[in-house]
Amino acid sequence: MVIRVPIQGIEGGQLKFLSKRDLMKIHESTLDVLERFGVRVHEKTALRMLEDAGAKADYKDEVAKIPRYLVEESIRKAPSKVTLCGRSSDYDVILEGKKVYTAGGADAIYLIDLETHERRPALLKDLRDLTRLQDALSNIHVVMAIVDPKDVPPLGVDRLRYYELVKNTEKHIMRDGQGGEGVKDQIKMAAALVGGEEELRKRPIISFVDCTTSPLKHGKTNTEVLIEAAKHKIPVFIECDAMAGGTAPVTLAGTLVVQNAEVLSGILISQLVNPKTPVVYGNMSSIMDMRTANMALGAPELGLIQVITAQLAQHYKIPFEGCGGMTDSKVCDAQSSFEKTLTLMQAAMAGTNLIHEMAGMLDSLFTVSYEQVVIDNEIMGAVYRTVRGAEVTDETLAIDVIGEVGPLGSHFLAKDHTRRFLKQEHWLPEVLSRERRESWEKKGSRQIQEVARETARKILKEHSPEPIEKDVLEIMEEIVKTAKHQ
Amino acid sequence: MSEVSGVLKGLADAVIIGDPKLTEELAKKAITANIDPLIAIEKGLTIGIRKVGELFERGQLFLPDLMMAAEAMKGGLRALEPILRERKEKRKFLARFLIGTVEGDIHDIGKNIVSVMLDANGFEVIDLGVDVPTQTFIEKVKELQPDILGLSALLYTTMLKMEEVIDRLKEANLRNQVKVIVGGAPVTEEIARKIGADEYGEDAVSAVIKAKKLMEERI
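Just so we're clear, the structure is a prediction, and the values are computed from it rather than from any experiment.

Thresholds, definitions, all that
Residues numbered from 1 in each chain as written. Chains lettered and ligands numbered in written order. Predicted model: local features only at pLDDT ≥ 70, side-chain atom pairs only at ≥ 80, totals over all residues. Heavy atoms only, no water. Salt bridge = Lys/Arg side-chain N within 4 Å of Asp/Glu carboxyl O. Helix = DSSP H or I, 4+ residues; strand = E, 2+ residues; numbered from the N terminus. Buried < 20%, exposed > 50% of the residue type's maximum accessible area, 1.4 Å probe, protein only. Contact = heavy atoms within 4.5 Å. Buried area = accessible area lost by both parts, 1.4 Å probe. Polar contact = N/O pair within 3.5 Å; in protein donor to acceptor, adjacent residues only side chain to side chain. Nonpolar A, V, L, I, M, F, W, Y, C, P; charged D, E, K, R; others polar. Patch = residues over 30% accessible without salt bridge, like charges linked within 9 Å, V, L, I, M, F, W, Y side chains within 5 Å. Areas by Shrake-Rupley, 256 points an atom, 1.4 Å probe, with all protein chains shown as cover. Expected span 1.5 Å × (residues − 1). Pairing = 2+ DSSP bridges. Phe/Tyr/Trp six-rings, centres within 6.5 Å; stacked < 30°, edge-to-face > 60°. Right-handed = clockwise from strand over helix to strand, strands pointing away. Core = buried A, V, L, I, M, F, W, Y, C linked by side-chain atoms within 4.5 Å. Lys, Arg positive; Asp, Glu negative; His and termini not counted. Axes fitted to C-alpha atoms, helices over the stretch in contact; angles between N-to-C directions. Parallel < 35°, antiparallel > 145°, perpendicular 65-115°, else oblique. Left-handed = near helix turned anticlockwise from the far one by under 90°.

*Asks:* Honestly, the pattern of salt bridges in this entry has me stumped. Any pointers?
*Replies:* Between side chains of opposite charge, a pair can form when the charged atoms approach closely. All names here are of chain A. Under the definition given, this model contains 54 salt bridges over all chains. Put simply, Asp416 and Arg420 hold a salt bridge, and the shortest N to O gap is 3.7 Å. With Asp416 and Arg420 both in helix α15 (residues 416–425) and four residues apart, the pair spans about one turn of that helix. Assessed through its relative accessible area of 46%, Arg420 is described here as partly exposed.

See below:
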C-alpha cells in the first residue's frame, strides 16, 4: 500500500530577521566569549587537543580559552555539505544550503496507546512499530529512536535500539551514543550492513548527536560521542539546547551568543580530531518558562532563535539542524496543533536543513502517540507546500487556458492544464476533513485523531521495509549481546 | 513606626525587591541599632522571602524574582550570621534538608529553585551540588543527620541513580533515620514509589508541601 517516494530536497529559508551587520555582532561577541571566558570541557582528550592547537587550557577547572583564529579556521574547514544516507538510496538526504528535510521524534518515555488511548510507558514493540510507521510516511526523512523503551536491560541499550531501528526503517538513522564505546559498536553494526567501514564513510547510514550543556560546557559522555564519531569521520550533530533566562541570558541575542560559543567550540573539536569531519550545527534552544522553570518547546521564541541560528549557519556555510513540531500540550488538541504548525512553519522558513523532533511528540517531548506521527506528517505536508511558493512561467500564468475558457466559460476542470499542474500546485491532505458537514456526520463525525489512528493501523498492518540479510543481522546481534559498556 | 519595626520592614522589603547589597547594608544597620539578629532574620528577612514565595506560588512573581530574593536573603545573612556565631545562637529551622543532583547529572536549576522555596519556608537547606556520587550522599547523611534527603535528576538515565542511593541507605542502616523526596523532570509518583522514596515533589511548590507533610507525620 505504501508507495516509496524518493526524497526530494525542497528549499526554504524565506524568513530572515537579522541584517548582516547584526549577524556579525553575534559572531564577534561569540569569538570574544570563547577567547575571554572559554568553555568547560569535561573530557581530557578534547581539552588536551584544544591546548595543543593553541587554546589556553586550565586542567583544574577544565576550561579552555580559545583564540579566535582557531575558531574561524575550523568554520572554514568544516564541510558545507553533509550527506545522510538511507539503507535505500531513495532515502538519501543532502544537508546543504537552504534545503529542508525532517527527522522524527526522539526519546519519549511515555506513549499514548493506539487502542486504549491510555498513557503508558513505551515498550520495545512501540519502538519497532513507530519506526515502521515513520518509514512509511513521506514527510519524515530521517528516523531517530522515538521512544526510550522501558522493557530492555540497561546494558548496551543504545546498540539494541539501533538494531531495532535499522530493521524497521530503510531511512537514515540519527543516533545518540551513551559514550564512546556505544558509538564504536553502532558504527561496527552499520559497517556490517553496508560492507565495511570505508563503505560506511562513503554511504553513512548512521550519524550521531552530541548535545552541549549550557552555559558553555561540553559534558563528558557527549564529548566522547563527538570524538568517536569524528575519529571514524561519521556525520555528527553538535546541538545546543539553551534556555533563555535559565541556562543562557534572558535576551535572545545573548542566548544566541552562548549557543554559538558552544556549537562553534564543538565544531572546532570535531575538526581537530579529524579535519573535514562532516559536522552539523545543531540548535534546540528556547526560552525557560518563568512560572514553571520548564523549557517552552512550543514557544514562538524557539522558532525565532532558530531562524537567526539558521542565518548564522548559512553565513558559516555549515549545514544546520534545528527543530520544530514540539508542543507543551499533554494531548493532541488545539494547543498542540497551534504550537506544532507555528514552529514547523518557522523552521522551514528558516531553511533548516534538518528539522528534528518533527513527528509524534507531545507533552514537552515526554510522550509520543501513533496518531500524532500521522498528523504531524500531514502538517509538514502543508508546510512544505507553503515554502515551495509559487512558480511564475508562461505555462503557470496560463494565458492560453484563460483564453480558452474565457469570460463566457464556467470552469477549468476539464482542461488538460488543470490535470497536468494539479499535483505540483495543490497540496492534497490525507487526514484533514474538507467535506461538507452532512457527509462528515454520515461517516461518523470523526475528528482528526480518529482518522489518523486508522491510517496508523493500516500502515502498521501493511507496511514493512526491506528485510536485512540474515548473516548481517547475526553480526549485529552479536554486538548487541556482547556490549560491555553502557 | 518604631525604629526597630522600620528596620525590620526595610529588611523584608529589600528581600522582596531582591537587592543583596541593600539587604546587607540594612542588616548591618540592624546590628548597630542593637536589634537581636535572630529577630532581624525571623521578623525581617524571613517575612520577605516568605512573601516572595507566596507571590511566586500565585503566579504573580516569576523565577528571577524568587532567585534574586534568595540572593538578597543571603546578603542579609552574611552580615547577621557572624554575630549569631559570636553569641553562640542558632537559627530555628523546621527541619534539616539535604539536597543534591545525583551522579552523572549536572542539571541544577530545578534543585536550586526547590532549595530557595524550602529556605523560604523555614527549612535548613544543605546543598551538595550536582553530579553527587552515591557514596557522598551516604556519608553526608551519616555526618549531617538531615531529616529529609532530596534527590534530583533531569535525565532519564540518571534517574536510576536515585534508586541506588536509596538502596545504599538501606544497606548502611540509615534509611529509617531520613525521609527521602525525589524530583526532576522524568520522575513520577509511580517511579518514586517503585524506587522506595517516601515522597515525590512534582515542582518546587509541591516539594515544600510534601516536605512539610513528612515532618508533620514524624511528630
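*Asks:* Sorry if this is basic, but what is going on with the interface of chain B and chain A here?
*Replies:* Interfaces are often sized by the accessible area lost when the parts come together. Counting from both sides, the interface comprises 14 residues of chain B and, opposite them, 17 residues of chain A. Surface buried jointly by chain B and chain A totals about 1,200 Å² across both partners, of which 74% is contributed by carbon and sulfur atoms. For the chain B face of the interface with chain A, the top three residues by lost area are B:Leu63, B:Ile109 and B:Tyr156, together amounting to 39%. Counting across the chain B and chain A interface gives zero salt bridges. Across the contact surface, chain B and chain A share one residue pair in polar contact (both at pLDDT 80 or more). Within the residue set of the side of chain B that touches chain A, elements represented by two or more residues are α4 (63–86) and α5 (109–120) of chain B. Of the residues that constitute the side of chain B that touches chain A, the class distribution is eleven nonpolar, three polar and no charged.

*Asks:* Is there a simple way to explain a nonpolar patch on the surface in this structure?
*Replies:* A contiguous nonpolar patch, built from A:Val392, A:Leu397, A:Ile399, A:Ile402 and A:Phe412 and spanning about 500 Å² of accessible area, is present on the exposed surface. Residue placement: A:Phe412 occurs in the loop between α14 (399–405) and α15.

*Asks:* Where do I start with helix α17 (residues 448–462) of chain A in this structure?
*Replies:* All names here are of chain A. End to end, α17 covers 21 Å across 15 residues, agreeing with the expected 21 Å (1.5 Å per residue, within 8%). Of all the residues in α17, the buried ones are Gln449, Val451, Ala452, Arg453, Ala456, Ile459 and Leu460. Buried residues along α17 sit against α4 (124–136) and α12 (370–388).

*Asks:* Explain the sheet that holds strand β17 (residues 286–288) of chain A here, please?
*Replies:* Two orientations exist for strands paired in a sheet by backbone hydrogen bonds: parallel and antiparallel. Residue and element names in this part refer to chain A. On the basis of which strands lie adjacent, the open sheet formed by three strands has the order β15-β17-β18 and mixed pairing. At either margin of the open sheet sits one strand with a lone partner, and together these are β15 (243–244) and β18 (295–296). In this structure, β17 lies alongside β18, joined through two bridges in antiparallel fashion. Within β18, the residue paired with Ile287 across the bridge is Ala296.

*Asks:* Please clarify how the packing of aromatic side chains should be interpreted in this entry.
*Replies:* The geometry of an aromatic ring pair is captured by two quantities: the separation of the ring centres and the angle between the planes. Following the criterion strictly, the structure yields two aromatic pairs over all chains and no others. Ring centres of A:Tyr281 and A:Phe320 lie 6.2 Å apart, and the angle between their planes is 65 degrees; this geometry places the pair in the edge-to-face category. Linking A:Tyr281 in strand β16 (residues 279–283) with A:Phe320 in strand β19 (residues 320–323), this pair joins segments that are 39 residues apart in sequence. The pair formed by A:Tyr281 and A:Phe320 is uniform in burial state, with each residue classed as buried. Relative to B:Phe123, the ring of B:Phe97 lies with its centre 6.2 Å away and its plane at 90 degrees, an arrangement referred to as edge-to-face.

*Asks:* I'm lost on the sheet that holds strand β3 (residues 56–58) of chain A in this one. Help?
*Replies:* All names here are of chain A. A sheet is described by the order of its strands in space; here four strands give the open sequence β3-β4-β2-β13, paired in mixed fashion. What marks the edges here is a single partner per strand, and that holds for β3 and β13 (217–218). Of the strand pairs in this sheet, strand β2 (residues 39–41) and strand β4 (residues 63–65) are connected by two bridges, and their pairing is antiparallel. Each residue of the ladder has a partner; that of Val39, found in β4, is Ala64.

*Asks:* What am I meant to see in the pairing of strand β2 (residues 124–127) of chain B here?
*Replies:* Regular strands place their side chains on alternate faces of the sheet. All names here are of chain B. With four bridges connecting them, strand β1 (residues 96–101) and β2 associate as parallel partners. Among the inter-strand pairings, Leu98 is bridged to a residue of β2, identified as Ile126. With α5 bridging β1 and its parallel neighbour β2, the resulting β-α-β unit is right-handed.

*Asks:* What am I meant to see in the environment of A:Ile379 here?
*Replies:* Residues and elements named next belong to chain A. As for its position among the elements, Ile379 is in helix α12. The class for Ile379 is buried, based on a relative accessible area of 13%. Separated by 287 residues in sequence, Ile379 and Asp92 place their C-alpha atoms 22 Å apart.

*Asks:* Explanation requested: the nonpolar core in the structure shown.
*Replies:* Buried together is how nonpolar side chains tend to be arranged in soluble globular proteins. The biggest cluster of nonpolar side chains holds 173 residues, and the ones touching the most others in it are A:Ile66, A:Leu130, A:Leu133, A:Tyr162, A:Ile267 and A:Tyr281. With ten residues, the single largest contributor to this core is α4(B). Ignoring sequence-local partners within four residues, the contact set of A:Leu133 consists of A:Tyr370, A:Val373, A:Val374, A:Ala456, A:Ile459 and A:Leu460.

*Asks:* How should I be thinking about the side chain of A:Asp135 in this particular structure?
*Replies:* All names here are of chain A. Among the structural elements, Asp135 can be located in helix α4. The buried charged residue Asp135 lacks any salt bridge partner; its closest oppositely charged side chain belongs to Lys171, at an N-O distance of 5.3 Å. Leaving out residues up to four positions away in the same chain, Asp135 has contacts with Tyr91, Asn168, Thr169, Glu170, Lys171, His463 and Pro465.

*Asks:* Can you walk me through the packing of α4(B) against α5(B) in this structure?
*Replies:* When two helices pack together, their arrangement is given by the angle between their axes and by how far apart the axes lie. All names here are of chain B. Where α4 contacts α5, the two axes come as close as 10 Å, and the packing angle between them is 60 degrees. Classified by the interaxial angle, the pair formed by α4 and α5 is oblique. Like other packed secondary-structure pairs, α4 and α5 cross with a definite hand, here left-handed. Residues Leu63, Leu66, Met67, Ala70 and Met73 of α4 form the contact with α5, whose own contacting residues are Asn112, Ile113, Val116, Met117 and Asp119.

*Asks:* Please clarify how unusual backbone geometry should be interpreted in this entry.
*Replies:* Residues and elements named next belong to chain A. Cis geometry is adopted by the peptide bond preceding Pro215, which originates at Ser214 and carries an omega value of -5 degrees. Take Pro215: it is sitting in the loop between β12 (206–211) and β13. Unlike most non-glycine residues, Asp107 shows phi in positive territory, near 60 degrees. Tracing the backbone shows Asp107 in the loop between β7 (99–102) and β8 (110–112). By relative accessible area, which is 33% here, Asp107 ends up partly exposed. Even without a glycine there, the phi angle at Lys276 is positive, about 75 degrees. Topologically, Lys276 is positioned in the loop between α9 (252–273) and β16. A relative accessible area of 52% places Lys276 in the exposed class.

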